[in-house]
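Structural overview for review
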Amino acid sequence: MSRTKKFIKNTVTTALLQVVVMMTGFILPKIMINYYGSEINGLISSITQLIAYITLVEAGLSGATVYSLYKPLADKNHYKINSILSAARKFYNKTGYIFLSLSVGLALVYPLFIKTDILSYTEVFFLFLILAVNGVLEFFTLAKYRALLTADQKTYVISMASIIQVILNVIIISILSVMGASIVIARLVAILAILLRTIILYIYCKKEYDFIDFSIEPDYTSMNKRWDALYLQVIGIVHKGAPVLIATVLLTLNHVSIYSIYYVVIQGINSILSIFTSGLSAGFGDLLVTSNKDKFKKTFTEFEYVYYILITIVYSVMMITYIPFIRVYTFGADINYIFPSFAIIMTLNGYFYNLKTPYGMLTISAGKYRESRIQISIQGLLEIILGVIFGMKWGLNGIVLGALLSNVYRDIDFIFFAPKHLTRYSFRKTFYMWIRSISIVLVISFFGFMIPTSYIFKYTDWVIFAIIIGIIITLFTIMINAIMDRELFNLVLKRIRSMVKKG
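What comes next concerns the included structure. (Residues numbered from 1 in each chain as written. Predicted model: local features only at pLDDT ≥ 70, side-chain atom pairs only at ≥ 80, totals over all residues. Heavy atoms only, no water.)

**Some remarks on the overall build of the protein chain**
- Across its full length, the protein chain holds 20 helices and 0 strands.
- Split into buried and exposed, the 503 residues of the protein chain put 56% on the buried side.
- Put simply, 84% of the contacts in the protein chain that link residues at least 6 apart link residues at least 24 apart.
- When the accessible surface of the protein chain is split by element, carbon and sulfur atoms take 69% of a total near 22300 Å². (Helix = DSSP H or I, 4+ residues; strand = E, 2+ residues; numbered from the N terminus. Buried < 20%, exposed > 50% of the residue type's maximum accessible area, 1.4 Å probe, protein only. Contact = heavy atoms within 4.5 Å. Areas by Shrake-Rupley, 256 points an atom, 1.4 Å probe, with all protein chains shown as cover.)

Now the structure itself:
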């Protein structure tokens, strides 16, 4: 299967998965609030993010394994593939036991540090362990196969299995919530969805890769980049988890619930944007290891152009429609969720986080973990330190402001990092794309805030409003980009036509 066809297949299935994740991502918090209350919703978010931190014991294994598999998969070197997977399995098993031990330890301690009268110590303890089951299964069964499928540009398999899991998960929780089951029982039964996904991926890999032999002598040198890859994983988890954990310590579970509801929208947008990156990471990695520099430059520049048009449209629309959506979504909730200033900061944080996504993806594809560890460490420290300092003064606004400033720092850093370590060519064209995108977002936001939205109290009103705003912003953004860079615009159109024909 050609690289283009793999990209199309991966993109379509990833798109379907992200649509499902986005829809269920809106359904589950609503169910939590309606049937269990904002405090329980905040508790679930807090535990989930803490578990995400525990997964750092993986220490970059996934990124290192995927990177090490690019070349042997391209060369069809089965012995090398098996030696890498054999080493990965041993590392995953060891870290799996560490993860399990940490989960039990934190489950014992965590209930002592939260303020809630809704659940007992025992219930919070078991809820923590239940939510950690997914991580346990990943380490001991799926992780090595997931890395293989990702490196082989077959993320569509992972996507389809995940779609089944996500849908079954939301069905189980919805039914049990309506029936009045406790949150602990609902989450316990939902483990069945995780087990089903595990079985599907295991059977597929055993059938598709019948040459896999874990008895081959492990190639531990292939894991050399694991400690460097850890830094990239740390900042990804810090970005997603730090605000929740800081809010848990400094504020209340209700504040955590407010953040999590606003983050549902960010998560939905990131799901949409990941459609255009998840299928490309391995493809760019393949181009880099085959040293096809000219093709890489042309392909990556076109990708950047399209991606920056996309985030310009998405975040401009979000800036205008965010609060109207939150107003509709949280109607009838037990606490107030309407905070316009918080919505603006959240939007800007999401935008500047995604501004660097093409280069973050490229850093992973090129295996440049060690070269970026200092900058990534600085970004992580900035988010935590500024989040705590600003959070003590301005609450949720301050916590997210810390995250926003850390992302702005990393964006600026890539101006110097990318030409030296990644692309090997001038950053000037990308910089112009950034300036154009930022300018459009600011101009649209300025005029967009003048549009009255107080009449929007129903989903139908919001959908109509969002569609109209979306069409206007899309046409305006594409027109500006076509005028400012006509040559690249025509090249992208040509590539799209070619992909449609091949598809």
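There is more to say, and it comes next.
**Let's talk about the layout of surface pockets**
- Of the voids in this model, the second largest pocket is the one considered here, and its volume is about 530 Å³.
- Lining the second largest pocket we find 20 residues, and of these Ile269, Ile272, Val314, Val317 and Trp462 sit closest to its centre.
- Among the elements that line the lining of the second largest pocket, the one with the most residues is helix 13 (residues 293-329), at 8 residues.
- Looking at side-chain class alone, the lining of the second largest pocket contains 16 nonpolar, 4 polar and no charged residues. (1 Å grid on protein atoms, 1.4 Å probe; cavity = no way out; pocket = protein on both sides within 12 Å on 5 of 7 lines; lining within 4 Å. Points joined across faces, edges and corners; volume = space filled by probe spheres on them. Nonpolar A, V, L, I, M, F, W, Y, C, P; charged D, E, K, R; others polar.)

**Regarding the side chain of Thr312**
- Mapped onto the fold, Thr312 is located in helix 13.
- Assessed through its relative accessible area of 1%, Thr312 is described here as buried.
- At 2.5 Å, the side chain of Thr312 and the backbone oxygen of Tyr308 are in polar contact.
- There is a polar contact of 2.5 Å between the side chain of Thr312 and the side chain of Ser437.
- Once residues lying within four places of it in the same chain are set aside, the contact partners of Thr312 are Ser437, Ile440, Val441 and Thr477. (Polar contact = N/O pair within 3.5 Å; in protein donor to acceptor, adjacent residues only side chain to side chain.)

**A look at the pattern of salt bridges**
- By the definition in use, this model includes 3 salt bridges.
- For Asp485, the salt bridge goes to Lys429, with nearest N and O atoms at 3.1 Å. Residue Asp485 is found in the loop between helix 19 (459-484) and helix 20 (486-502), and its partner Lys429 is found in helix 18 (residues 428-448); the two are separated by 56 residues along the sequence.
- Overall, the relative accessible area of 12% leaves Asp485 in the buried class.
- Judged by relative accessible area, which is 39%, Lys429 ranks as partly exposed. (Salt bridge = Lys/Arg side-chain N within 4 Å of Asp/Glu carboxyl O.)

**Some details on the nonpolar core**
- Within the largest apolar cluster, 71 residues are counted, with the highest numbers of intra-cluster contacts made by Tyr262, Tyr322 and Met346.
- The leading source of residues in this core is helix 13, at 21 residues.
- Leaving out residues up to four positions away in the same chain, Met346 has contacts with Tyr259, Tyr262, Tyr263, Ile266, Tyr322 and Val400.
- Residues Phe99, Ile130, Val170 and Ile191 belong to the second largest nonpolar core, which totals 40 residues. (Core = buried A, V, L, I, M, F, W, Y, C linked by side-chain atoms within 4.5 Å.)

**A look at the packing of helix 4 (residues 78-109) against helix 5 (residues 121-131)**
- Where helix 4 contacts helix 5, the axes come no closer than 8 Å and their chain directions differ by 155 degrees. Relative to helix 5, the element helix 4 is oriented roughly antiparallel. Where helix 4 crosses over helix 5, the two elements pack in a sense that is right-handed. From helix 4, Ser103, Val104, Leu106, Ala107 and Leu108 reach across to helix 5, where they touch Tyr121, Phe125, Phe128 and Leu129. (Axes fitted to C-alpha atoms, helices over the stretch in contact; angles between N-to-C directions. Parallel < 35°, antiparallel > 145°, perpendicular 65-115°, else oblique. Left-handed = near helix turned anticlockwise from the far one by under 90°.)

**A word on helix 14 (residues 340-355)**
- With 16 residues, helix 14 extends 23 Å from end C-alpha to end C-alpha; this agrees with the ideal 22 Å at 1.5 Å per step.
- Regarding helix 14, the residues found buried are Phe342, Ala343, Ile345, Met346, Thr347, Asn349, Gly350, Tyr351, Phe352, Asn354 and Leu355. (Expected span 1.5 Å × (residues − 1).)

**Regarding the packing of helix 14 against helix 18**
- The interhelical angle for the contact between helix 14 and helix 18, taken along N-to-C directions, is 165 degrees, at an axis separation of 12 Å. As summarised for this structure, helix 14 and helix 18 are arranged roughly antiparallel, according to the angle between their axes. Crossing angle aside, the handedness with which helix 14 passes helix 18 is right-handed. Along its contact with helix 14, which presents Tyr351, Phe352 and Leu355, the element helix 18 presents Trp434, Ser437, Ile438 and Val441.
- Tallied by class, the residues present in the contact of helix 14 with helix 18 amount to 6 nonpolar, 1 polar and no charged.

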